[in-house]
Amino acid sequence: MEKKRNNKKNRGGSKKKKTTSDQSEAIKSITDWLFVGSSSSPPLSSPPPDDFAVTINTASLRRGEKLVFELHSHSNRSDGFLSPSKLVQRAHTNGVKVLSLTDHDTMAGIPEAVEAARRFGIKIIPGIEISTLFRVESGSEEPVHILAYYGASGPAMYDELENFLGKIRDGRFVRVREMVSKLNKLKVPIKWEHVTRIAGEDVAPGRMHVARALLEGGYVENLRQAFTKYLHDDGPAYATGSEPKSEEAVRLICKTGGVAVLAHPWALKDHVSVIRRLKDAGLHGVEVYRSDGKLEVFSELADTYSLLKLGGSDYHGKGGRNESELGSVNLPVKALQDFLKLGRPIWCEAIKATMRTFLEQPSDSNLSNILRFDRARILKGSSSWSCGGELMDRCLAIWLTNDERENDEFEALRSKLSCLLISSKGSCVTVGA
């Protein structure tokens, strides 16, 4: 009898949902984007590490297997436990094919993640989770986090965005000092030096680092208790820093060529007001999907305000049964198609803006911004470069499809950049002969 039940279960588990024509079209559009700039084309086996190829069997996708996008994750460059490269390795182990590293208020981990992704056949979407404050009608403020997703070239006007993020990170130091002070007044004698040691060098500390100090000091039984007892929003040891207004962050994400998505709206007190006002500021989407499925209330709000429906695990690597595993959120192919359909033109415009900035101000700093997040791929085979036009051709070849890069604006930029001399010696690329 047991054997019959098992056989029945296995037969039921082996059934695949029939792929509709709409799903087939969505899969094709997604895989076309996945293989942009790849030295291989689908389907393929595992390539050599330097082939820069995403490893996907498109036939298996058509048979109904999942294509795993992980759009919300953290490394130890903010409050995660794993390095960017270890995070990518874990994503690979879990079957993730597209990973967005969305550290709090920093993009410092993106280059390491991109380099590690080359070895594992994973595509990286450069991201951030920006800490903001939303002012409600009563005059009080509520913490709101905004996710920003960028193309392979990264943000346009990178320096402006980095200055904006730098102010938030500076405020994190002030904020955490206040948290430590409040804990000390509550007769919990943790030390500032302990928190910063946990955070690590050049990392702006946050609540998670304070929680870890509480756990290591024996003041709580686990990280969850640190938040529920002391560090939750409006908790006895909670503090704010110098977070900008939520609308300001959304507008800057749009200005710098990103897709702006509201993170974990279920944690908000007045999610309807937040979504309505941020939509007016330019918000593109809202997290709807979690590892435990789709939350209908936020799906309906996304429909009401014509917003993308996305989601991610919010993985930090802290372990325990309360944390969703990396790659555990099941995003429908239609949601992914909608995301890329909206995002790709935005990212294309960001490339134009970055190239225009370099043309107007041909400095090594602006050249560095072009190379910042995809340096190894751009510089592969760069020994014969002599002008900005050749650099641009290389970038467009690995960032865009033929259709995307063949337009009048790119042609005009290429013509003007061809008059701009650059020199390349191995990994060193500078402006001038």
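About the cut-offs
- Residues numbered from 1 in each chain as written.
- Predicted model: local features only at pLDDT ≥ 70, side-chain atom pairs only at ≥ 80, totals over all residues.
- Heavy atoms only, no water.
- Helix = DSSP H or I, 4+ residues; strand = E, 2+ residues; numbered from the N terminus.
- Buried < 20%, exposed > 50% of the residue type's maximum accessible area, 1.4 Å probe, protein only.
- Contact = heavy atoms within 4.5 Å.
- Areas by Shrake-Rupley, 256 points an atom, 1.4 Å probe, with all protein chains shown as cover.
- Arc of directions from axis to C-beta.
- Polar contact = N/O pair within 3.5 Å; in protein donor to acceptor, adjacent residues only side chain to side chain.

Labelled according to an unreviewed UniProt entry, the protein chain appears under the name (rape) hypothetical protein, originating from Brassica napus.

Student: Whenever I open this one, the overall build of the protein chain confuses me. Can you help?
Tutor: Summing up its helical and strand segments, the protein chain has 18 helices and ten strands in all. When burial is assessed residue by residue, the protein chain has 52% of its 433 residues classed as buried. Relative to all contacts within the protein chain whose residues are 6 or more apart in sequence, the contacts with residues 24 or more apart total 68%. Of the roughly 20,200 Å² of accessible surface on the protein chain, 48% is carried by carbon and sulfur atoms.

Student: How should helix H18 (residues 408–417) be read in this particular structure?
Tutor: A turn of α-helix holds 3.6 residues, and therefore any two residues three or four places apart point the same way. Regarding H18, the residues found buried are Phe410, Leu413, Arg414 and Leu417. The buried residues of H18 occupy an angular sector of 100° when projected down its axis, which confines them to one face. Along H18, exposed side chains directed more than 90 degrees from the buried face belong to Asp408 and Lys416. Against helix H13 (333–360), helix H16 (388–399) and helix H17 (402–405) lie the buried residues of H18. For H18, the N-terminal cap is Asn407; the gap from its side-chain oxygen to the backbone nitrogen of Glu409 is 3.0 Å.

Student: Would you explain the side chain of Thr354 in this entry?
Tutor: Here Thr354 lies in helix H13. Not counting the four nearest positions on each side in its chain, Thr354 is found in contact with Pro155, Ala156 and Ile370.

Student: In this structure, what is going on with the side chain of His145? I would like to understand it.
Tutor: Of note, His145 is situated in strand E4 (residues 141–149). In this structure the side chain of His145 is engaged in a polar contact, spanning 2.9 Å, whose partner is the side chain of Glu129.

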